[in-house]
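Inside the fold
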Protein chains: 2
Amino acid sequence: MTGSGADWPPRVGRTEKGKGFPMTVTPRGEAGARAATISDVAALAGVSPGTASKALNGRGRLRPETRERVLDAARKLDFRPNAMAQGLLSGRSFTVGLITTDSVGRFSLPVLLGAEDALGAGRMSVFLCDTRGDRIREQHYVRTLLERRIDGLIVTGRRTDPRPPLVLPAPVPVVYALGPSTDPADVSLVPDDAGGARLVVDHLLATGRRRIAHLTGPAHHSAAAERAEHTTLALRDAGAELSGGRVYFGEWSEAWGRQAALIALRADPDVDALFCGSDQIARGAADALREAGRRVPSDVALVGYDNWKVMAEASRPPLTTVDMNLTELGRTAALRLMSAIEGQPAGGVERLPCRLVIRESTGVAAEGGPSPLRG
Amino acid sequence: MTGSGADWPPRVGRTEKGKGFPMTVTPRGEAGARAATISDVAALAGVSPGTASKALNGRGRLRPETRERVLDAARKLDFRPNAMAQGLLSGRSFTVGLITTDSVGRFSLPVLLGAEDALGAGRMSVFLCDTRGDRIREQHYVRTLLERRIDGLIVTGRRTDPRPPLVLPAPVPVVYALGPSTDPADVSLVPDDAGGARLVVDHLLATGRRRIAHLTGPAHHSAAAERAEHTTLALRDAGAELSGGRVYFGEWSEAWGRQAALIALRADPDVDALFCGSDQIARGAADALREAGRRVPSDVALVGYDNWKVMAEASRPPLTTVDMNLTELGRTAALRLMSAIEGQPAGGVERLPCRLVIRESTGVAAEGGPSPLRG
DNA sequence: GACGGCTGGGAAAAGGGTTTCCCAGCGCCT
DNA sequence: AGGCGCTGGGAAACCCTTTTCCCAGCCGTC
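A quick note: this is a predicted structure, and the numbers were derived from the prediction, not measured.

A separate point is the overall build of chain A. Looking only at helices and strands, one finds twelve helices and twelve strands in chain A. Look at the contacts in chain A between residues 6 or more apart in sequence, and 70% of them connect residues 24 or more apart. Carbon together with sulfur atoms contributes 54% to the accessible area of chain A, which is approximately 15,500 Å² in total.

On to the sheet that holds strand 9 (residues 301-303) of chain B, then. All names here are of chain B. In spatial order, the strands read 7-6-8-9; together these four strands make up an open sheet with parallel pairing. Each edge of the sheet is formed by a strand with only one pairing partner; in this case those strands are strand 7 (248-249) and strand 9. Relative to strand 7, strand 6 (residues 212-216) runs parallel, the two sharing two bridges. Its bridge partner lying in strand 7, Thr216 is registered against Phe249. In the packing of helix 7 (residues 193-206) onto the sheet, the strands contacted are strand 6, strand 8 (273-276) and strand 9, and the crossing angle to strand 8 comes to about 170°. Contacts between helix 9 (residues 254-267) and the sheet are confined to strand 6, strand 7 and strand 8, with strand 6 contributing the most and set at about 150° to the helix.

A few words now on the confidence of the model for chain A. All names here are of chain A. Averaged over every residue, the pLDDT of chain A is 87; residues scoring 70 or more account for 88%. Low pLDDT (under 50) marks residues 1-31, which in the prediction has 63 contacts with non-local residues, meaning those over four places away or in another chain. Note on residues 366-375: pLDDT under 50 across the span, and nine contacts to partners over four residues away in sequence or across chains.

So, on to the protein's contact with DNA strand C. Around DNA strand C sit 30 residues in total, of which Thr51, Lys54 and Thr66 of chain A together with Ile38 and Arg59 of chain B are the nearest. Within 4 Å of the protein, the contacting atoms of DNA strand C are 64% sugar and phosphate, with bases supplying the remainder. The contact in question runs from a base oxygen of DNA strand C to an N or O atom on the side chain of Lys54 of chain A, over 2.8 Å. Contributing elements (two or more residues each) for the surface near DNA strand C: helix 2 (49-57) and helix 4 (83-90) of chain A together with helix 2 (49-57) and helix 4 (83-90) of chain B. Sort the elements by how many residues they give to the surface near DNA strand C and helix 2 of chain B lands first, with five residues. Class assignment for the residues of the surface near DNA strand C results in twelve nonpolar, ten polar and eight charged.

Take the packing of helix 9 (residues 254-267) of chain A against helix 10 (residues 279-291) of chain A next. All names here are of chain A. Two numbers describe how helix 9 lies on helix 10: the axes approach to 6 Å, and their chain directions differ by 55°. Considering the angle they form, helix 9 stands oblique to helix 10. For the element pair helix 9 and helix 10, the recorded crossing hand is right-handed. In this structure, helix 9 uses Glu254, Trp256, Gly257, Arg258, Ala261, Leu262 and Leu265 to contact helix 10, whose residues at the interface are Gln280, Ile281, Arg283, Gly284, Ala285, Asp287, Ala288 and Leu289. The class makeup of the residues in the contact of helix 9 with helix 10 is eight nonpolar, three polar and four charged.

With that settled, the discussion passes to the pattern of salt bridges. Residue and element names in this part refer to chain A. Tallying each qualifying case throughout the model produces 56 salt bridges over all chains. Residues Asp151 and Arg92 are paired through a salt bridge, measuring 3.3 Å at the closest nitrogen-oxygen approach. Of this pair, Asp151 sits in the loop between helix 6 (135-147) and strand 3 (152-156) while Arg92 is found in the loop between helix 4 and strand 1 (95-100), placing the two residues 59 residues apart along the sequence. No difference in accessibility class separates Asp151 from Arg92, as the two residues are buried.

Close to DNA strand D lie 28 residues, the nearest being Ile38, Arg59 and Leu89 of chain A together with Thr51 and Thr66 of chain B. Sugar plus phosphate: this is where 71% of the atoms of DNA strand D within 4 Å of the protein reside. Here a phosphate oxygen of DNA strand D and a backbone polar atom of Ile38 of chain A are 2.5 Å apart. Ser53 of chain A places a side-chain nitrogen or oxygen 3.1 Å from a phosphate oxygen of DNA strand D. The set of elements that each furnish at least two residues to the surface near DNA strand D consists of helix 2 and helix 4 of chain A together with helix 2 and helix 4 of chain B. The greatest single-element share of the surface near DNA strand D, amounting to five residues, is contributed by helix 2 of chain A.

To continue, consider the pairing of strand 6 (residues 212-216) of chain A. Every other side chain in a regular strand lies on the same face of the sheet, so the side chains alternate between the two faces. Residues and elements named next belong to chain A. Taking burial as the measure, the five residues of strand 6 include five buried ones, the bulk of the element. Residues Ile212, His214 and Thr216 of strand 6 are buried on one face, and the alternating residues Ala213 and Leu215, pointing to the opposite face, are buried as well. Pairing analysis gives four bridges linking strand 6 to strand 8 (residues 273-276), with the strands arranged parallel. Residue pairing for strand 8: Leu215 is matched across the bridge by Cys276. Running through helix 8 (residues 222-237), the crossover from strand 6 to the neighbouring parallel element strand 7 (residues 248-249) is right-handed.

The peptide bond linking Val296 of chain A to Pro297 of chain A adopts the cis configuration, its omega dihedral lying at 5°. Along the chain, Pro297 of chain A falls in the loop between helix 10 and strand 9 (301-303). Here Leu178 of chain A, not a glycine, exhibits a phi torsion of approximately 80°, which is positive. Turning to its location among the elements, Leu178 of chain A is positioned in the loop between strand 4 (174-177) and strand 5 (187-191). Here Leu178 of chain A falls in the buried class, since its relative accessible area comes to 1%. For Asn307 of chain B, which is not a glycine, the phi torsion comes out positive at approximately 50°. Position of Asn307 of chain B relative to the elements: it lies in the loop between strand 9 and helix 11 (309-312). Classification of Asn307 of chain B as buried rests on a relative accessible area of 11%.

Here we come to the sheet that holds strand 7 of chain A. Residue and element names in this part refer to chain A. In space, the four strands of this open sheet follow the order 7-6-8-9, with parallel pairing throughout. The sheet terminates laterally at strand 7 and strand 9, the two strands that pair on one side only. Docked against the sheet, helix 8 engages strand 6, strand 7 and strand 8, running at close to 175° with respect to strand 6.

Moving on to the packing of helix 2 of chain B against helix 3 (residues 64-77) of chain B. All names here are of chain B. The contact between helix 2 and helix 3 brings their axes to 9 Å, and the two run at 90°. Classified by the interaxial angle, the pair formed by helix 2 and helix 3 is roughly perpendicular. Along its contact with helix 2, which presents Thr51, Ala52, Lys54, Ala55 and Leu56, the element helix 3 presents Thr66, Arg67, Val70, Leu71 and Ala74. A class-by-class count of the residues in the contact of helix 2 with helix 3 yields six nonpolar, two polar and two charged.

Cut-offs and rules
- Residues numbered from 1 in each chain as written.
- Chains lettered and ligands numbered in written order.
- Predicted model: local features only at pLDDT ≥ 70, side-chain atom pairs only at ≥ 80, totals over all residues.
- Heavy atoms only, no water.
- Helix = DSSP H or I, 4+ residues; strand = E, 2+ residues; numbered from the N terminus.
- Contact = heavy atoms within 4.5 Å.
- Areas by Shrake-Rupley, 256 points an atom, 1.4 Å probe, with all protein chains shown as cover.
- Pairing = 2+ DSSP bridges.
- Axes fitted to C-alpha atoms, helices over the stretch in contact; angles between N-to-C directions.
- pLDDT = per-residue confidence, 0-100.
- Near = heavy atom within 4 Å.
- Polar contact = N/O pair within 3.5 Å; in protein donor to acceptor, adjacent residues only side chain to side chain.
- Nonpolar A, V, L, I, M, F, W, Y, C, P; charged D, E, K, R; others polar.
- Parallel < 35°, antiparallel > 145°, perpendicular 65-115°, else oblique.
- Left-handed = near helix turned anticlockwise from the far one by under 90°.
- Salt bridge = Lys/Arg side-chain N within 4 Å of Asp/Glu carboxyl O.
- Buried < 20%, exposed > 50% of the residue type's maximum accessible area, 1.4 Å probe, protein only.
- Right-handed = clockwise from strand over helix to strand, strands pointing away.

This is the structure we're talking about:
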């Protein structure tokens, strides 16, 4: 250390000892062959750099012949404008950060891919940051992203539980996807689990089921709690009651699904439908039901949640389940972010509808059901 | 269009009509509040920008007091150096592209996270690009990344099958992870499936199994073919033969696992071990064995591949399986890339060792076995 | 013929940070 | 007193692209 406290702010390209290495000494994989600049193009075309810029961007008034000469030169030199120079001047980087707070899981992945897709279509590049649930790491990424002058930020978590808002030292548009911010002024996008639960209850009632049990994950997970609450409400609205008189909270596992199914059978031997809070639980339930001699769907209908293909389709029988449209959610998050970047003000939690995917476990002719080629 | 062919090269921030919008008209979410520059810091500290730069970076010779004044000013203004300006000057962006060629799947995800982790530790930011198997999209991303002057590129696919090398119009270090390049001069990192197969065969032989069948995926998948080949070789080396006299190629599905297990039982009723090319196949086999009245592991040992937790641990009994250490593979890919960026020449395919995870399905006391809280 | 307007294009600044070169001032030695 | 060397810091160039401003030349018109 040459001076005290000289390590603030943290700098890119600096060694442990705080000396750094001269930034001009930057060996490249293949040496030499500096990329062509617009001055090179201009020189080859016999014009000034300014004119070349106009030609390449269709600005200003140029003789068609001149414009063509410049374009030819650019093609010849394989000119590719330096986005950093453009960004420096324009004040926009055309990049956004995608922070996943709790590692990338089964749920956050589709969100992430949907967002990446929509942003790519909007000519934005995406910085991926996986904080693995570490607040320190999160702050590190936030600083890095701000140094890179990202235009906006998408925050996603592995579950739907609310999270405290990101601490941002500078004003940048942020959209929360999947796990909403606890600050209602923030823009958050979540799957409409209440609607999802109602889809399932309506479907089961419509197909003649009356004694419906609900097996789900831990009560302290908002996903489990919300689905359970609205399952109960939807049944009450229809004048029905939950089989067993209560929700079976437990874990998000097949083992719990097997166990809970047996408990539900014991509590109400005439139960005719199990609505499970996840496909894993439903699959466990399917195994337990089969081994207990109950046929699905003729004796008991079975519904899962998540439309996790490998579970839902490998289950015997394949599961009717709720698809949260997470890719679409990610895509929407990206669109909201781009609006915010353009200056459209927004705020609040937006709930995106779920979709019921009907397969054999509820014994209804599946419309557009499972294609044998998918998976 | 103002001129013919004026849309080359494609530009960021440009409208359909080729007119573009003035880049100065860039509304920001929260208006005003321009980020502090080093000149602001210098002014507040009463020094020149050059001196401020030296103070912040620990370069040059400065009086400790001056340095401290600059650092104070930077803190006060919440100064954050503009990475684009730094990159412009240094010629390095400290970013890398992470191209996943065939969408992000179960296998590519850990690779991607491992790479992101290692790169983040190296102060590099990661551009995520999902080409979804589309060559056009791939070229689009390559162009975008080159405009952003990435320092390097990691290419990963969803499977281990070789892929044709990326078409790069400019020389940039590239590392292929999981799916190797068909060009042997490229740097590729793949899991050592041959070694993985041998781990399994050795384990089964060591625990007294002699009649070992191999059930796996499609023969045209290199993962299936390579594991099958080395399973056969390893058995031959030990003086044993494959139960049934052949490899059971099929699909990567539980349904095939169930079916293949029955076939293997019929072909060789005394079979005492099933080595499956994936955990999904193994899980199907586990179900089929149980339903056929064979006990696992006492009658038949069962081994999977992939160490896909939700499959391996939910299987009854939990599966002994091969872990390809994909996160480690991603991390290694990132390290190789950083070496290449620093100028270390390299080339060829590097195979990273797999790891045998022992659970109950082979009936051996598991060392550091399945924790009930994981998954 | 003088002037106005248009066309095509150049010069220069701006954006933010780093580095090189240079210089003023000071202490020390002879 | 003069010369030397060191210290601390400033001026300016540079990275690359875009944009603004300006100008030369030309045509048409009165």
